[in-house]
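Spelled out from the first residue to the last, the chains are:
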Amino acid sequence: MQKYIIKVTPNVTIALKEIYQSILKVSQSHQTAQNYVEDLEQTMQALNYFPERYRKTPSGKYR
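Here the structure is a predicted model, which means the values were calculated and not measured.

(A) Structural context of the overall build of the protein. When you go through the protein residue by residue, the secondary structure sums to two helices and zero strands. Its C-alpha atoms give the protein a radius of gyration of 14 Å, clearly above 11 Å, the size a compact globule of 63 residues would have. By its C-alpha atoms, the protein is 40 × 25 × 20 Å across when sized along the principal axes. Among the 63 residues that make up the protein, the fraction classed as buried is 16%.

(B) Representation of the nonpolar core. The biggest cluster of nonpolar side chains holds six residues, and these are Leu16, Tyr20, Ile23, Leu24, Ala33 and Val37. If you list the elements that add at least two residues to this core, you get helix H1 (10-27) and helix H2 (30-46). Looking at which element gives the most residues to this core, the answer is H1, with four residues. Residues in contact with Ala33, not counting those within four places in the same chain, are Tyr20, Ile23 and Leu24.

(C) Looking closely at H1. Under the 1.5 Å per step criterion, the end-to-end length of H1 is 26 Å for 18 residues, consistent within 8% with the ideal 26 Å. Buried residues of H1: Leu16, Tyr20, Ile23 and Leu24, and no others. On an axial view of H1, the arc spanned by its buried residues comes to 105°, and they lie on one face. Residues of H1 that are exposed and point over 90 degrees away from its buried face: Pro10, Asn11, Glu18, Lys25 and Val26. Looking at the buried residues of H1, the elements they touch are H2. At the C-terminal side of H1, Gln28 shows a positive phi close to 60°.

(D) Local environment of the side chain of Asn48. With respect to the element layout, Asn48 can be found in the segment after H2. Given a relative accessible area of 10%, Asn48 falls into the buried group. With residues up to four places along the chain from it excluded, the contact list for Asn48 reads Gln2, Lys3, Tyr4, Ile5 and Ile6.

So, how was this worked out
Residues numbered from 1 in each chain as written. Predicted model: local features only at pLDDT ≥ 70, side-chain atom pairs only at ≥ 80, totals over all residues. Heavy atoms only, no water. Helix = DSSP H or I, 4+ residues; strand = E, 2+ residues; numbered from the N terminus. Rg over C-alpha atoms; globule rule 2.2 N^0.38 Å. Buried < 20%, exposed > 50% of the residue type's maximum accessible area, 1.4 Å probe, protein only. Core = buried A, V, L, I, M, F, W, Y, C linked by side-chain atoms within 4.5 Å. Contact = heavy atoms within 4.5 Å. Expected span 1.5 Å × (residues − 1). Arc of directions from axis to C-beta.

The structure is reproduced here in structure tokens:
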């Protein structure tokens, strides 16, 4: 099975921090916000092995 390399841009890192802050604001729970961001990171890492399982972005460049 081919393994793909996942490139995380600075924009992704910033977006994950913003997502964390938004969830924290609504839920008032650091654990809930952390769990959500960790789930997103695990999903991104799943692209290592199964990139076709996710749709491409509207630009067609990324998944």
